[in-house]
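# Coordinate analysis (summary)
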Amino acid sequence: MKRIYRIVENDTRRYPLGATPTAEGMHFSFVHPGTECQVVLYEQGKKKPAAKIPFPAENRTGDVWNVTVKGDFQGIEYLFEADGKEMTDPCAKACAGRERWGDLSAAGTAVRGESLPEGEEFDWEQDRRPEIPYSQMVIYRIHVRGFTKHASSGVEPGLRGTFRGIQEKIPYLKDLGITTVELLPAAEFDEVMVPPPMAAGVYEPQKPDGRLNYWGYAKAHLMAPKESYCAGTKAPVRELKELVKALHQEGMELVAELFFTGEESPGYALEAVRRWALDFRADGIRLSGYPPLKLIASDPYLSHVKLFADSWEGVPRGSVRHLAEYNDGFMKDMRCFLKGDEGQLDRAAFHIRRNPEHAAVINYMANNNGFTMMDLVSYNEKHNEDNGENNRDGAEQNFSWNCGTEGLARKKQVVKLRRRQLCNAFLLLFLSQGTPLLLGGDEFGRTKKGNNNSYCQDNEISWLNWNLLKTNRNLYQFAKKAIAFRKAHPVFHMEKEPVLMDYRSLGVPDMSYHGVKAWCPEFEPCCRQLGVFYCGLYGKKADKSPDQYFYVAYNMHWEPREFGLPHLPKGLKWHLAADTFRDMEEVFLPEGEEPLLEDQKKQMVEGRTIVVFVGKEEASC
């Protein structure tokens, strides 16, 4: 039976843009500067239009066309036809026709919007945001598809590479110690890449060359979650909300990345962020590309939503600490410090301490753009030949060191050194004050075989190989212990940045720097060792009890170096808590079994090694 649609006369509503359900049908609002516009309706999956409804000229306000239509819109998809050209609704809350990832036949065709997306009316029950402070967060960054697409993920075939696949892995993430899952762009983008006009011949039509935009940094329908990231039900709105709800039930958060090309209007960009934060209840938004930061940061609807951006310079801070700086500064400087470059102590000391009062900082040693942590210690040069650009793409400088052999190594000495450098990298991340971010799979030695720009690699270069969880089980266990150690000791993640002063008259500063001699830091360019002393009384645990005293000795020189140990308060003695020179599974000493140091005044630390000492009462020795 053919459906009947009628325009509602004299309807004066103008908002919002897109398709909005009404009591008897649907209201459509679309921006177009041309002379005519109409709504084209399709039965779900059909090629022939079911109806075409023109926008009345009298309902136009500026460049905004409006019409309210009475009728049955269940299972209806739609497009806008503007001056004879079919156009997708940029405000569509869900898209149709992109359910198959990498469908070359769909390239260049207009994406239809769904008038009534399944899951838009969702039962959140008693869902509440965990509202985890930045100081308590441990972020885990993943690609929706790549996280579980590999057969080794253990996820059912129909759920691999989807929101549901991530949901299946929540117990793993929680056991690892993750508090917050961050997704690479998951709005509806076109992954099929078409060569730019200059790459095609004069008379040749542009066609897909088979390469895919795997990461999703492209123009997108920012209001709609990606349809091909959905399992067999083809309800991406519902499945995304189910993922967020499941994370919240476990006390975990979700941060979604939205990429802006800079072509979006500021109002549209703001509405997209609101869509993910309010409708999908994302706990945070990573703003990448060219977003209107001042507008978004000042929006009252987002005042308690975590917002990540490369920089917030010049943007007024609100009363709530919800903004966070997210850039490569920590990664580049700490990688240089890790491999023993000269002149890095100032930068290392800065990042170890940094935790601004009004805006948090997100620290990471690896991200999707660049080497993984395993590749960081395995390659000196990028190996992007598989990208089809003659290895010209990707960053030339990776601040990496292969420990003596490029790529796969079998020499025991090289393998052992790489493991130690990996442990050092993890401790540089988790013993620094800012909010740590771990790239998914780095905890079990993920490798991209030296590819530092895998934007087009929808294969095992980009997918997480979960078999490595068994192969590198000792690395996973170490990473898990490092996360737990950070969480257990608040001196490594204080609520505010240490000021290097004894502002509470406790006898020693909250945090202090040291060199060969205690209380005498050396920041000369040739120096590669740094001691950091933490006063436990400045750190409060969950039960309000004070933390312990710690001294962290960083020796990034290739030769052993002696460290003078500062005196502890009466009744306390230095014990060994962690030592990266030990075998990976033995780096952290069991709590309560930390051995007493024979020499309480000085300690020799091996080359390229980080050692953590803890002050404990003599009676507990």
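Everything numeric in this text was worked out from a predicted model, so none of it was measured.

### Describing the layout of surface pockets
Looking at the largest pocket, its volume works out to about 1,400 Å³. Around the largest pocket, the lining is made up of 47 residues, and of these T88, D89, P90, C91 and Y268 lie nearest the centre. When contributions to the lining of the largest pocket are tallied by element, the ones reaching two or more residues are strand 2 (18–21), strand 3 (25–31), strand 6 (64–70), strand 8 (85–87), strand 13 (187–189), strand 14 (220–225) and helix 5 (266–279). Here the lining of the largest pocket is composed, by residue class, of 19 nonpolar, 13 polar and 15 charged.

### Focus on the side chain of N451
Mapped onto the secondary structure, N451 falls in the loop between strand 20 (435–439) and helix 11 (468–471). A distance of 3.2 Å separates the side chain of N451 from the backbone nitrogen of S454, its partner in a polar contact. Other than its neighbours up to four places away in sequence, N451 contacts G370, F371, H383, N384, N387, Q457 and I461.

### Topic: empty space enclosed by the protein
To find leftover empty space, one rolls a probe the size of a water molecule over the atoms. Within the structure shown, the criterion is met by three cavities of 30 Å³ or more. Estimated volume of the largest cavity: approximately 120 Å³. Broken down by class, the residue content of the lining of the largest cavity amounts to seven nonpolar, five polar and three charged.

### With respect to the sheet that holds strand 23 (residues 549–555)
Spatially, five strands are ordered 21-22-23-27-25 in an open sheet, and the strand pairing comes out antiparallel. The open sheet has two edge strands, strand 21 (511–514) and strand 25 (572–579), and neither has a second partner. Within this sheet the neighbouring strands show an average axis-to-axis angle of 20°, counted without direction. Bridge count for strand 22 (residues 529–534) against strand 23 is six bridges, and the pairing is antiparallel. Opposite Q529, over in strand 23, you have N555 as the bridge partner.

### Quick look at the environment of G507
Structurally, G507 can be placed in the loop between helix 12 (473–488) and strand 21. Sequence separation between G507 and I166 is 341 residues, and the spatial gap between their C-alpha atoms is 48 Å.

### Considering helix 4 (residues 236–249)
When the terminal C-alpha atoms of helix 4 are compared, their 20 Å separation across 14 residues agrees well with the 20 Å that a helix rising 1.5 Å per residue should span. Within helix 4, 12 of the 14 residues are buried, which leaves it mostly tucked inside the rest of the structure. Those residues of helix 4 not exposed but buried are P236, V237, R238, E239, L240, K241, L243, V244, K245, A246, L247 and H248. Buried residues along helix 4 sit in contact with helix 2 (163–168), helix 3 (170–176), strand 12 (180–183), strand 14, strand 15 (253–260) and helix 5.

### Some thoughts on the packing of aromatic side chains
Tallying each qualifying case throughout the model produces 42 aromatic pairs. Between R112 and the ring centre of Y42, over which it is positioned, the NZ or CZ distance is 3.7 Å. Across from the ring centre of Y326, 4.0 Å away, lies the NZ or CZ of R286, which sits over that ring.

### Points about the sheet that holds strand 3
If you trace the four strands from one edge of the open sheet to the other, you get 1-6-3-2, paired in antiparallel fashion. Sheet topology places strand 1 (6–7) and strand 2 at the edges, where each strand pairs with a single neighbour. Pairing analysis gives two bridges linking strand 1 to strand 6, with the strands arranged antiparallel. Considered in strand 6, the bridge of R6 is made with K70.

### Some details on the packing of helix 7 (residues 329–338) against helix 8 (residues 345–353)
Helices that pack against each other are described as a pair by the angle of their axes relative to one another and the distance between those axes. For the pair helix 7 and helix 8, the least separation of the axes is 9 Å and the interaxial angle reads 130°. Accordingly, the angle class assigned to the pair helix 7 and helix 8 is oblique. The handedness of the crossing between helix 7 and helix 8 is left-handed. Note on element contacts: helix 8 touches helix 7 through L345, R347, A348, H351 and I352, opposite G329, F330, D333, M334 and F337. A breakdown of the residues in the contact of helix 7 with helix 8 according to their chemical character gives six nonpolar, two polar and two charged.

### Some points on the pattern of salt bridges
Two side chains with opposite charge may pair up if their charged atoms get near one another. Counted according to the given criterion, the structure contains 34 salt bridges. Taking the shortest distance from any N to any O, the salt bridge between D279 and R275 comes out at 3.0 Å. On the criterion of helical spacing, the pair formed by D279 and R275 is a turn pair, its members being four residues apart in helix 5.

### Section: the pairing of strand 15
Most of strand 15 sits out of view: eight of its eight residues are buried. A two-sided burial pattern is seen for strand 15, the buried positions comprising E253, V255, E257 and F259 on one face and L254, A256, L258 and F260 on the other. Relative to strand 15, strand 12 is paired through four bridges, and the arrangement is parallel. Looking across to strand 15, one finds that E182 is bridged to V255. As paired elements, strand 15 and strand 16 (residues 284–289) share six bridges and run parallel to each other. Pairing of E257 across the sheet is with R286, part of strand 16. Crossover strand 15 to strand 16 through helix 5 is right-handed.

### Quick look at the packing of helix 10 (residues 412–430) against helix 12
It is the contact of helix 10 with helix 12, at a shortest axis distance of 10 Å, that shows an interaxial angle of 20°. As far as their axial angle goes, helix 12 and helix 10 are roughly parallel. Crossing of helix 10 against helix 12: the hand is right-handed. Listed contacts from helix 12 to R419, L422, C423, F426, L427, L429 and F430 of helix 10 are N474, L475, F478, A479, A482, I483 and R486. Residues of the contact of helix 10 with helix 12, tallied by class, amount to 11 nonpolar, one polar and two charged.

So, how was this worked out
- Residues numbered from 1 in each chain as written.
- Predicted model: local features only at pLDDT ≥ 70, side-chain atom pairs only at ≥ 80, totals over all residues.
- Heavy atoms only, no water.
- 1 Å grid on protein atoms, 1.4 Å probe; cavity = no way out; pocket = protein on both sides within 12 Å on 5 of 7 lines; lining within 4 Å.
- Points joined across faces, edges and corners; volume = space filled by probe spheres on them.
- Helix = DSSP H or I, 4+ residues; strand = E, 2+ residues; numbered from the N terminus.
- Nonpolar A, V, L, I, M, F, W, Y, C, P; charged D, E, K, R; others polar.
- Polar contact = N/O pair within 3.5 Å; in protein donor to acceptor, adjacent residues only side chain to side chain.
- Contact = heavy atoms within 4.5 Å.
- Pairing = 2+ DSSP bridges.
- Axes fitted to C-alpha atoms, helices over the stretch in contact; angles between N-to-C directions.
- Expected span 1.5 Å × (residues − 1).
- Buried < 20%, exposed > 50% of the residue type's maximum accessible area, 1.4 Å probe, protein only.
- Phe/Tyr/Trp six-rings, centres within 6.5 Å; stacked < 30°, edge-to-face > 60°.
- Lys NZ or Arg CZ within 6 Å of the ring centre and 35° of its normal.
- Parallel < 35°, antiparallel > 145°, perpendicular 65-115°, else oblique.
- Left-handed = near helix turned anticlockwise from the far one by under 90°.
- Salt bridge = Lys/Arg side-chain N within 4 Å of Asp/Glu carboxyl O.
- Right-handed = clockwise from strand over helix to strand, strands pointing away.

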